[in-house]
Structure formats: C-alpha cells, structure tokens
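Commentary on secondary and tertiary structure
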Amino acid sequence: MSNRSVAVLKANITRNLRIDWKYKLNFITDLAWLAVDVITFLFLGQVVASSGIENFLYGETLKEFLVVGVIYWVIFTRAYKDGVSVIPNEAALGALGFIITNEVSLSDLITGQFSSSTIKTSITLIVFVLPIIGFLSFTNILQPLKITPITILLTLVIFIISWVFMLGITIIASTLNVIFKKSGPLTFLLSYLLTMLSGYFFPLEVLRDFGLGAIEYLLYFIPTTGMLYSLRSMLIFGDSRPLGEYYYDFGLILATIIIDGIIAIIVLFLALYVMRRITRKAAYSGTLEFY
Amino acid sequence: MSNVGDREVIVKDVHKYFGKKHVLKGISFHLPDEENLAIIGPNGSGKTTLLRTLASIYLPDKGSIQIGRYDLVTQTREARSLLSYVSPNLSFHKKLTLRETLDYFSSLQGVSWHDQDDLMDKVDLSKMLDSPIEGFSEGQKAMTRFVIALMKKPKILVLDEITATLDVKKKESVIQYIYDLDKKRGLTILLIDHDPSVVDRLCEKLLLMTRDGKVMDYGDTHEIIKQIPYAFDIKVVPNPSIDVNKFVQELGFPYRTMGQLVQLYAETKDEVDEITSELLRRKWKGKEGQEILEFNVSALSMEDIYWHYLLLLNIPIEDRTKGESVGKFS
Ligand SMILES: Nc1ncnc2c1ncn2[C@@H]1O[C@H](COP(=O)(O)OP(=O)(O)OP(=O)(O)O)[C@@H](O)[C@H]1O
Ligand SMILES: [Mg+2]
C-alpha cells in the first residue's frame, strides 16, 4: 500500500465519521436494529432448546450459537452495505471524475468506507452490546462464552480474515455497480447469500443428515463460513469439542484459519485487480461521469 | 521557469464513441506551451466531452493526446499529475463545513489547501470556512470547486463553464485572478465559457466545433473575434399577431429570427440606444397597436460570435439552427 493510499484512506475515514456524527439518529436506528435481532434470536434459541429435540448438535446452546452469529454478521453486513454504496454515492455527487483524475483508486474509497463502518459498528458492539451479553451471562440467561487469552487472540485473527474477505467481496460487488449501474438488488442478494451459506440460522452439520455432507465441507472454504464456524465452536465449546464421531479442536480451527486466510487474501487481490481493470475500461465507455 | 514542451497539448485525430454514438470525430490541434484555449460550439457538439477527454476522465478510442511530454493513454498517471479538472457537476456533502470539505479534497489530491488563502479572501470564502455547504449559493459552490482545482498547482488547468453562475463582480475577480496566476506561473488553460470577454481576455486560441463533433476552425482568438463587428444583442419578443418579417425589415438592423423570437445586433452603444428607443415606442403604441411584448439588451455571447462566424465562413444554413432566417449582414 502506497503512502498516497494511506492518506486517502485516512481522509475518507475522517470524512465518513464526521458525516455519521452529523446524522446521529442513524446510529440509534442501527442499535435498535441490532437489539431486535439479538432479542428475536434469544427467543428462537430458547424455544428450540426447550422443545426437547434430542441430540440436536448445539442442543442447549442454540441461543449462544445464534447470538454469536448475529454479532459476527452485524459488523460485516453494515460495512458491506456502506461499501457498495460508495460508487453510487460518489457518482451522485459527481465526484468520480475528480477521483480518478487524481489517481485515487475506487478501491481506496471503498476501503475507507468499509473501515469507517467497521470502526463505527465495533464501537457500538463494545460499548452497548457486549455489556448486555455479559449481563445475560451473569444472570444465566446465556451460557457464559469461553473467554481466554487464546480465544481472544483467535477471535481477533478470525475477525481480520473475515474483514479482508468481506472487503474483497465488497470491492467485487462494487465493480458490478460500475458496469451495470443500478445493481442494488444484485449486490444485496450476494451478501444475503453469504450470510445464509455461513450457517446463520442453523448449524451446517445438519446438512449431513440430508446426505449433503460434501457440500458442508465445501462451504468451509468460504472464509466467512469457515470463520464463523470456528468462532462459534471456540466461544461455545472452548478448546475441544466432541461431535459424535467427529472431533473439533484448536488444531482444526488453526487449519481453517490458515486456509481461509489464504483464500481471503487471494479474493482481495483479485478484487483490487478487477476494480483497476474495470475503472480503466469505464474511461473508454464513459460510464463513470455519466452515471 | 519551464522547459519547452512542458505544458503543450497536442491532439491528433481524436475520436470518442459512447456505445454507437460517435461524439468526437477526428479532433486535432496543437496548443503551444503556456497558451490558453477556449472551445466553443453549439449545445451537444461535444465540448465537454473533449474537455473531459483532455482531462483523462475519458480516454480516446482513436487518435492521440499529448499532455506536456506525456502520452495520455500510455502515461496516464504522469499526464494526470500535470492536470487539474473539476467538473461543474461536482457537489459536496451538504452537512460538512467548507473547512471539512477542503480538508477532504486536498487529501484526495495529496496536497494542502492553505496556499489558497489569498484566493479564498478574494472570492469571500474565508469567512465561510465554518459554515456547512448546505447554505452555499451556486456561485459560492463554483468558487469552492475553483479553489479545489487550484490546490495541486496544476501546470494545465481545465475549466468547464466556471463563471456561469457568478455575478458580475465575482466573475471579474475570478477572471483577474486566473489572469494574474497565468502570468505568474505560465499555465496552460483549456476552457469552455459563454462570455466572449472571458474568452478574449484569457485565451489566445479558439477552437470552434461543428454541431456534430468536428473542428470547424482553430485559430487566434483576436483574429476570429475581430471579424465580428457586433458587441451587443437585443432579444425581442414580438406580439404574435404581427408579421415578424415586416417588423425586422422596418427596423433595418441586422437580425436573426428563430420562430417568433427576434434577435437584433448592434455595434455600438449609440446603436443600442437607437434600437431601444424605437422598441419602446412600438411597445407603447397603444393597446391594440402594441407590436412587441418585451425585449432585453445584453453583451454579445460566445454563441452569437460563433454563429456570426459561421455566416462569415458561408457555412450553409442547414448546418446551423433549423427554422431561422437572417438579414442585412454585410
Ligand atoms: N459519458 C457519456 N456517455 C454517453 N453519452 C455521452 C457522454 N457524455 C456525453 N455524451 C453525449 O455526447 C454528446 C455531446 O455532449 P457534451 O456534453 O460533450 O456537449 P457540450 O458541447 O458540452 O454541450 P453543452 O453546451 O450543452 O454543455 C451529447 O449528445 C451527450 O448526450
Ligand atoms: Mg458542456
């Protein structure tokens, strides 16, 4: 990354946070949204767990399973949504011509937005949500998560890999915005698909019961899926976890982290490359200034 | 201060297509170091497209553009480092203050905006620094764009109708500022403007475009403007019930009609006085005899100069605007 990119990134993060600060109401809406998600899933988990389904993989811990999923995705869906709207927004401001003639890459702008959104959501989570989760654990409504120095470190790594991957996906989805212009629904579908494929609503292990075990294993090569799976196992079961004939432990988590980490980096570089090509092409087709 | 060829612009047979639409059809010209160029032509002739292609927002589908010593297509990055172009369409986040906006746009360019204090004072922006952009007039936004365009101290400055939304006084100070800056730094300026006084003062060269994106003429501004004797035009809306042809014949001044609208041309202030008193007389002839509804006098626009020049070059009428007639041109 060049000095120039760093400066652009900094300028964008500053500007976006300044704008967000001037629209404080949005912040409250986001928070309310998250609260509704968490509460709904707590009830859902409680209902399923108390219905006495025997041998259900997460059994008693379905609530925790769902809550970890919500918190994981709230960061990335927000950043994704803000990230893919960068090009339409800048186009509406008539700024794209200025941006490319100053050799600022559209990827840098998207990264700036993606970063400021991450910062914003993370602050929300740390200040408002984690204390509530802590309180729920304290009162035994939620089973306490396995928080140790190692799981904290791995959580951080998992977070970074997921971030890199989702940034790549956001940039790729944004190239659709350059080519097709009004591609909002398509980009929304893409993020929804990734959320569902990550096992947002149910443990992917159930696929085995339907004879779809092969698909389950393939899904772990999607970094968001592999990372969320690792995060849940780790925070709910700690360092090892017997799963019938399967056995999930830190070794496996580490392997997943390495493989998905490599995939995430490849996706990001691919995204940067595609965006560069598409931007250059747009100078011939005239699509950027004539949005 | 600069080497030969540092700031020249050489354009050879440039074509630009948008899909099937062929907008620029073989544009060529050579603008020497430190000279300034104005592009004029009818609406939709491709002026903005040409300017944006020179600024590398669009790249040419055919032909070549040399900016300073660099080829725009193969050395885009280097060429861009010399250029500054701020589109008149650029708008700003309305909630941010001017200071925050300038911070942002200077960071995008990798420069500081504090060297622009002098200009900001001249156009009364300094006192607005902490006001949100949402309260800015169009003219103030245009000035903000201009400040942004100058931040990176470009060698080649591209300006698309920046004076369009300015009042007379602001326009004067902006033109004077550009003029002084040009003298001091030896800029090459490429611009579109509808005001002949702006073009005349800033630009040595004039590029006239045809309606369909070709070069009609390229030459010295003074040579071209000198050939047009008129300085003023008077737009007249006649009463729809009168015979327009008879009306213009009676007045006896050079004219151009477009449907019911009549435009009269005058060379001097005395002629303007003569025409307006005649028009006033006909306006107040009495209810039933009122021949004209309204009129207004203005300085000749770049469009008018363009249009008169077409006449001088004997460009056939179908290449000009449809449905018009002209008379009494010597
Ligand atoms: N990016 C683009 N994509 C498709 N068509 C375009 C694009 N830019 C310009 N055009 C078309 O090219 C033609 C020339 O437009 P341009 O804006 O260059 O004209 P102009 O001479 O600047 O007109 P005006 O005097 O109204 O500003 C128009 O028909 C316009 O619709
Ligand atoms: Mg134009």
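Residues numbered from 1 in each chain as written. Chains lettered and ligands numbered in written order. Predicted model: local features only at pLDDT ≥ 70, side-chain atom pairs only at ≥ 80, totals over all residues. Heavy atoms only, no water.

So, the packing of helix α7 (residues 149-180) of chain A against helix α11 (residues 223-237) of chain A
All names here are of chain A. For clarity, the threshold we go by: Every axis in this analysis is a line fitted to C-alpha atoms, fitted for helices over the stretch in contact. Angles between the N-to-C directions lie between 0 and 180 degrees. Helix and strand definitions here come from DSSP, where helices need a minimum of 4 consecutive H or I residues and strands a minimum of 2 consecutive E residues; each element is numbered from the N-terminal end. Throughout this description, any angle smaller than 35 degrees is read as roughly parallel, any larger than 145 degrees as roughly antiparallel, any in the 65 to 115 degree range as roughly perpendicular, and the remainder as oblique. Take the far helix as the reference: if the near one is turned anticlockwise from it by less than a right angle, the crossing is left-handed, and if turned clockwise, right-handed. By definition in these notes, contact holds between two residues if any of their heavy atoms fall within 4.5 Å. Residue type decides the class: Asp, Glu, Lys and Arg count as charged, Ala, Val, Leu, Ile, Met, Phe, Trp, Tyr, Cys and Pro as nonpolar, and the leftover types, Gly among them, as polar.
Packing of α7 against α11 leaves a shortest axis separation of 9 Å and a crossing angle of 165 degrees. When the axis of α7 is compared with that of α11, the two are roughly antiparallel. Here the hand of the crossing between α7 and α11 comes out left-handed. Seen from α7, the contacting residues are Thr151, Leu154, Thr155, Ile158, Ile161, Ser162, Phe165 and Met166; seen from α11, they are Pro223, Thr224, Met227, Ser230, Leu231, Met234 and Leu235. The class makeup of the residues in the contact of α7 with α11 is ten nonpolar, five polar and no charged.

Here we look at the domain arrangement of chain B
Residues and elements named next belong to chain B. Just so we agree on the cut-off: All the domain ranges listed were derived from an automatic or database domain assignment. The term buried area refers to how much accessible surface (probe radius 1.4 Å) is lost by two components on association, counted for both of them together. Every case where a carboxyl oxygen of Asp or Glu lies within 4 Å of a side-chain nitrogen of Lys or Arg is listed as a salt bridge. Any pair of N or O atoms that falls within 3.5 Å is considered a polar contact. Within protein, one atom must be able to donate a hydrogen and the other to accept it, and sequence-neighbouring residues count only if both atoms are side-chain atoms.
Domain boundaries assigned for chain B yield domain 1 (9-225) and domain 2 (230-326). Look at where the C-alpha atoms of domain 1 and domain 2 centre, and you get two points 33 Å apart. Facing 17 residues of domain 1, the contacting portion of domain 2 comprises 13 residues. Both faces combined, the contact of domain 1 with domain 2 buries some 1100 Å², and carbon together with sulfur accounts for 69% of it. At the junction of domain 1 with domain 2, the criterion picks out zero salt bridges. At the boundary of domain 1 and domain 2, one finds two residue pairs in polar contact (both at pLDDT 80 or more). Among the elements that line the side of domain 1 that touches domain 2, the one with the most residues is strand β9 (residues 205-209), at three residues. Here the residues of the side of domain 1 that touches domain 2 are counted per class, giving ten nonpolar, three polar and four charged.

Considerations on the sheet that holds strand β3 (residues 37-40) of chain B
Residue and element names in this part refer to chain B. Where we set the bar: Strand pairing is assigned whenever DSSP detects at least two bridges linking the two strands.
Read from one edge of the open sheet, six strands run β6-β7-β8-β3-β9-β10, paired in mixed fashion. Unpaired on one side and paired on the other, β6 (83-85) and β10 (215-220) mark the two borders of the sheet. Between one strand axis and the next, the sheet turns by 15 degrees as a mean value, whatever way the strands run. In this structure, β3 lies alongside β9, joined through four bridges in parallel fashion. Its bridge partner lying in β9, alanine 38 is registered against leucine 206.

Brief notes about the packing of aromatic side chains
Counted only if it meets this: Think of it this way: a Phe, Tyr or Trp ring, Trp meaning its six-membered ring, pairs with another when their centres are within 6.5 Å, and the plane angle makes it stacked under 30 degrees, edge-to-face over 60, tilted otherwise. The rule is simple: take the accessible area with a 1.4 Å probe, protein chains only, and divide by the maximum for that residue type; under 20% is buried, over 50% is exposed, in between is partly exposed. Whether a charge sits over a ring depends on NZ of Lys or CZ of Arg being within 6 Å of the ring centre and within 35 degrees of the ring normal.
One pass over the structure, following the stated rule, counts 18 aromatic pairs over all chains. Relative to Phe105(B), the ring of Phe98(A) lies with its centre 5.3 Å away and its plane at 70 degrees, an arrangement referred to as edge-to-face. Within this pair, whereas Phe98(A) is found in helix α5 (residues 96-101), its partner Phe105(B) is found in helix α3 (residues 98-109), the two belonging to separate chains. Of the two residues, Phe98(A) and Phe105(B), both sit in the buried class. Each ring, one from Phe18(B) and one from Tyr58(B), has its centre 5.0 Å from the other, and the planes form 75 degrees; the classification is edge-to-face. Here the residue Phe18(B) occupies a position in strand β1 (residues 9-18), and Tyr58(B) occupies one in the loop between α1 (47-54) and β4 (62-67), the gap between them amounting to 40 residues. Through pairs of rings, three or more aromatic residues link up here, namely Tyr72(A), Trp73(A), Phe76(A) and Phe159(A). Stacked on the ring of Tyr104(B), the Lys or Arg Arg15(A) has its end atom at 4.1 Å from the ring centre. Over the aromatic face of Phe65(A) sits the side chain of Arg232(A), whose NZ or CZ is 3.5 Å from the ring centroid.

Overview of the sheet that holds β1(B)
Residues and elements named next belong to chain B. The four strands are arranged β2-β1-β4-β5 in an open sheet whose pairing can be described as antiparallel. Bordering the open sheet on either side are β2 (21-31) and β5 (70-71), each of which pairs with just one other strand. Two strands pair when backbone bridges link them, and β4 and β5 are joined in this way by two bridges, in the antiparallel orientation. Paired with glutamine 66 across the two strands is aspartate 71, which belongs to β5. Contacts from α1 reach β1, β2 and β4 within the one sheet, and its direction differs from that of β2 by about 60 degrees.

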